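Letter by letter, the chains look like this.
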Amino acid sequence: MPAVEASTPTIRKTALNAVHRQMGAKMVKFNGWDMPVEYPCAGGIMAEHKAVRTSVGIFDVSHMGDIRLAGADALAAVQHISMNDAARLAVGQAQYSALLYPEGTFVDDVIVHRLGEDEYLLVINAGTREKDFNWVRDNTRGFKCGVEHLSDEFTQIAIQGPRAVELLQKLTDADLSAVKFYWVKRGTIHLTQGQPRRYLSDILIARTGYTGEDGFEIYIPADEPTSVRVWNEILEAGKEFGAVPCGLGARNTLRLEAKLPLYGHEISDTINVWEAGLDRFCKMEKAEFVGRAALEQAKAAGLKRTLVGLEMVERGIARDGYKVLDDAGAEIGYVTSGSPAPFLKKYIALAYVPPKFAEMGSSVKVEIRGQGLKAQVVTTPFYKRPKKN
């Protein structure tokens with residue numbers, strides 16, 4: 001199979017682009033895509049964020065990529081290229097994992113879905129689509145399995161929040177109460193608004209998300225008429241729950257509160273698994289996988305930096321790339337992500353610092369506009385969704 005070209009069009013648009021613009025969304029260029037960052041009609045980022053934490057929000061995440069591996073050696077191939085243990089997955093189950101370079105650093109983080117006995121779907125990040133596909137293809141050549149780039153086959157819509165299950169259940173015959181977190185099943189989506197009535201069968205429904213809340217991500221055909229109709233039906237069905245459309249701004253603040261990593265920030269091709277604090281997803285006890293040897297060496301050598309959560313003590317927003325200082329003003333690290341936390345009503349950040357500064361309660365400073373403002377190392381994730389009774 002030929003390589004997917006790394007060069008991309010100047011700007012890409014999802015099948016829902018026109019709808020976002022009709023709704024008055026503020027659009028931005030993100031990883032080569034024209035995407036909504038917020039919807040003034042929904043109240044903007046703060047309101048969208050709070051809607052997801054308290055009720056339900058709807059996201060267009062069709063910019064995400066999808067790679068299918070299928071064939072007799074599909075499991076062996078997935079085991080070789082990813083750090084988690086896919087052998088633990090039952091059919092219909094998913095897991096968080098990552099693709100690693102031989103140096104133990106990140107190609108990308110992924111969600112691995114086991115769709116059949118010998119069929120797996122990797123959901124990858126938007127900005128790394130072509131790189132990821134080429135890397136997966138090149139590193140599975142010795143296995144009897146096909147590798148397909150399905151990124152443009154789906155419109156992916158995320159329905160997130162404590163009332164997501166009630167909303168989506170109105171539109172499907174699948175028993176969503178039986179779908180556990182990080183499990184996936186196929187079902188029919190009923191489109192009842194307008195004429196003619198339609199039924200989308202065999203739709204992938206995954207209980208996954210990137211917000212720290214309960215919710216689902218559905219994968220529907222990527223043609224514009226179908227995508228627009230499903231988007232509108234979901235919003236209509238969600239009116240009784242106060243559902244709102246949400247953009248990338250709220251998606252970022254939500255994932256930050258939940259300490260979910262973002263490629264190019266908390267993880268990258270220069271950061272390893274131990275530094276990123278993702279060792280619970282890295283199964284060193286399984287057979288060889290790409291990056292394993294380097295991770296053993298890195299573990300033996302010990303950490304020189306580690307990812308921590310910061311809460312600003314003095315008023316200021318710790319933005320991505322800002323310097324982290326010790327109390328004497330010496331530079332010791334940097335902020336990877338930072339913003340106000342709309343639900344927690346605090347100013348929070350993630351940062352890399354030497355291990356000796358990583359203890360809870362440690363005092364550091366963040367350089368903001370030339371001033372070192374006080375911050376404190378705190379427990380992460382900053383937000384955990386309440387357990388259901």
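Just so it is clear, the structure is predicted and the values come from calculations on it, not from any experiment.

> Tell me about the overall build of the protein, and please be specific about residues and values.
Counting secondary structure elements, the protein contains nine helices and 19 strands. Relative to the 2.2 N^0.38 estimate, which gives 21 Å for 389 residues, the radius of gyration of the protein is 21 Å and therefore close to what a compact globule would have. Along the first, second and third principal axes, the C-alpha set of the protein runs to 70 × 50 × 50 Å. Split into buried and exposed, the 389 residues of the protein put 56% on the buried side. Here the contacts in the protein between residues at least 6 apart in sequence split such that 65% fall between residues at least 24 apart. A total of about 16700 Å² of accessible surface is found on the protein, and carbon and sulfur atoms cover 50% of it. Here the protein holds 48 positive side-chain charges and 48 negative ones, and the gap between their average locations is 4 Å.

> Could you give an account of the packing of aromatic side chains, naming the residues involved and the relevant values?
Pairs of aromatic rings are described using the distance from one ring centre to the other and the angle between the two planes. Tallied over the full model, the rule gives five aromatic pairs. Ring geometry for Phe154 and Tyr219: centres 5.7 Å apart, planes at 85°, overall edge-to-face. One end of the pair, Phe154, is in strand β9 (residues 154–160); the other, Tyr219, is in strand β12 (residues 215–221), with 65 residues separating them in the sequence. Under the relative-accessibility criterion, Phe154 is labelled partly exposed at 22%. Residue Tyr219 is classed as buried on the basis of its relative accessible area, which comes to 3%. Each ring, one from Tyr334 and one from Tyr352, has its centre 5.9 Å from the other, and the planes form 40°; the classification is tilted. Linking Tyr334 in strand β16 (residues 331–341) with Tyr352 in strand β17 (residues 346–353), this pair joins segments that are 18 residues apart in sequence. Relative accessible area serves as the criterion here: at 29%, Tyr334 is assigned to the partly exposed category. Given the relative accessible area of 1%, Tyr352 is considered buried. Between Lys299 and the ring centre of Trp274, over which it is positioned, the NZ or CZ distance is 5.1 Å.

> Talk me through helix α7 (residues 248–257); I want residue IDs and the actual numbers.
In terms of burial, α7 is a largely internal element, nine of the 10 residues being buried. Along α7, the positions that sit buried rather than exposed are Leu248, Gly249, Ala250, Arg251, Thr253, Leu254, Arg255, Leu256 and Glu257. On its buried face, α7 is in contact with β1 (26–30), β2 (33–38), α2 (44–54), β3 (57–60), β16 and β17. Where α7 terminates, the next one or two residues include Lys259, which has phi positive at roughly 55°.

> Residues and numbers for empty space enclosed by the protein, please.
Regions of empty space are outlined by a rolling probe, equal in size to a water molecule, passed over the atoms. Under the criterion given, the structure shown has one cavity of 30 Å³ or more. Estimated volume of the largest cavity: approximately 30 Å³. Those elements giving two or more residues to the lining of the largest cavity turn out to be β2, β3 and α7. Of the residues belonging to the lining of the largest cavity, the class tally is six nonpolar, one polar and two charged.

> So, the sheet that holds strand β4 (residues 65–70): which residues are in play, and what are the values?
Spatial strand order, β5-β6-β7-β4-β8: five strands in an open sheet with antiparallel pairing. The open sheet has two edge strands with one neighbour each: β5 (94–100) and β8 (146–149). Sheet twist, expressed as the mean angle between neighbouring strand axes with direction ignored, is 30°. Sheet analysis places β4 next to β8, joined by four bridges and oriented antiparallel. Bridge pairing links Ile67 to His149 in β8. Where helix α4 (residues 129–138) meets the sheet, its contacts fall on β4, β5, β6 (106–116), β7 (119–124) and β8, and the angle it forms with β8 comes to roughly 175°.

> Account for the sheet that holds β3, with residues named and values stated.
Here we have six strands laid out as an open sheet, ordered β10-β11-β12-β9-β3-β13, and mixed in their pairing. Every interior strand has two partners, whereas the edge strands, β10 (184–191) and β13 (244–246), have only one. Neighbour-to-neighbour, the strand axes of this sheet turn through a mean angle of 30°, independent of strand direction. Judged from the three bridges that link them, β3 and β13 form a sheet pairing that is parallel. Pairing of Ile58 across the sheet is with Pro245, part of β13.

> Help me get a handle on the confidence of the model for the protein, residues and values and all.
The pLDDT averaged across the protein works out to 95; a share of 97% of its residues lies at or above 70. Confidence over residues 1–8 falls short of pLDDT 50; this stretch has 15 contacts with residues more than four positions distant or in other chains.

> An account of unusual backbone geometry is needed here, citing residue identities and associated values.
Backbone torsion omega between Thr380 and Pro381 reads 0°, so that peptide bond is classified as cis. Counting through the fold element by element, Pro381 comes out in the segment after β19 (371–378). Even without being glycine, Tyr182 reaches a positive phi, approximately 65°. Take Tyr182: it is sitting in the loop between α5 (164–169) and β10. Judged by its relative accessible area of 17%, Tyr182 is buried. The phi dihedral of Lys345 falls on the positive side, at around 60°, and the residue is not glycine.

> Account for the pairing of β1, naming residues and giving values.
Sheet topology note: the β1/β2 ladder contains five bridges and is antiparallel. Following the sheet pairing, Lys29 is matched in β2 by Asp34. Taking the residues between adjacent antiparallel strands as the criterion, β1 and β2 are bridged by two residues, where Asn31 takes a positive phi near 50°.

Rules of the game
Residues numbered from 1 in each chain as written. Predicted model: local features only at pLDDT ≥ 70, side-chain atom pairs only at ≥ 80, totals over all residues. Heavy atoms only, no water. Helix = DSSP H or I, 4+ residues; strand = E, 2+ residues; numbered from the N terminus. Rg over C-alpha atoms; globule rule 2.2 N^0.38 Å. Buried < 20%, exposed > 50% of the residue type's maximum accessible area, 1.4 Å probe, protein only. Contact = heavy atoms within 4.5 Å. Areas by Shrake-Rupley, 256 points an atom, 1.4 Å probe, with all protein chains shown as cover. Lys, Arg positive; Asp, Glu negative; His and termini not counted. Charge placed at Lys NZ, Arg CZ, Asp CG, Glu CD. Phe/Tyr/Trp six-rings, centres within 6.5 Å; stacked < 30°, edge-to-face > 60°. Lys NZ or Arg CZ within 6 Å of the ring centre and 35° of its normal. 1 Å grid on protein atoms, 1.4 Å probe; cavity = no way out; pocket = protein on both sides within 12 Å on 5 of 7 lines; lining within 4 Å. Points joined across faces, edges and corners; volume = space filled by probe spheres on them. Nonpolar A, V, L, I, M, F, W, Y, C, P; charged D, E, K, R; others polar. Pairing = 2+ DSSP bridges. Axes fitted to C-alpha atoms, helices over the stretch in contact; angles between N-to-C directions. pLDDT = per-residue confidence, 0-100.

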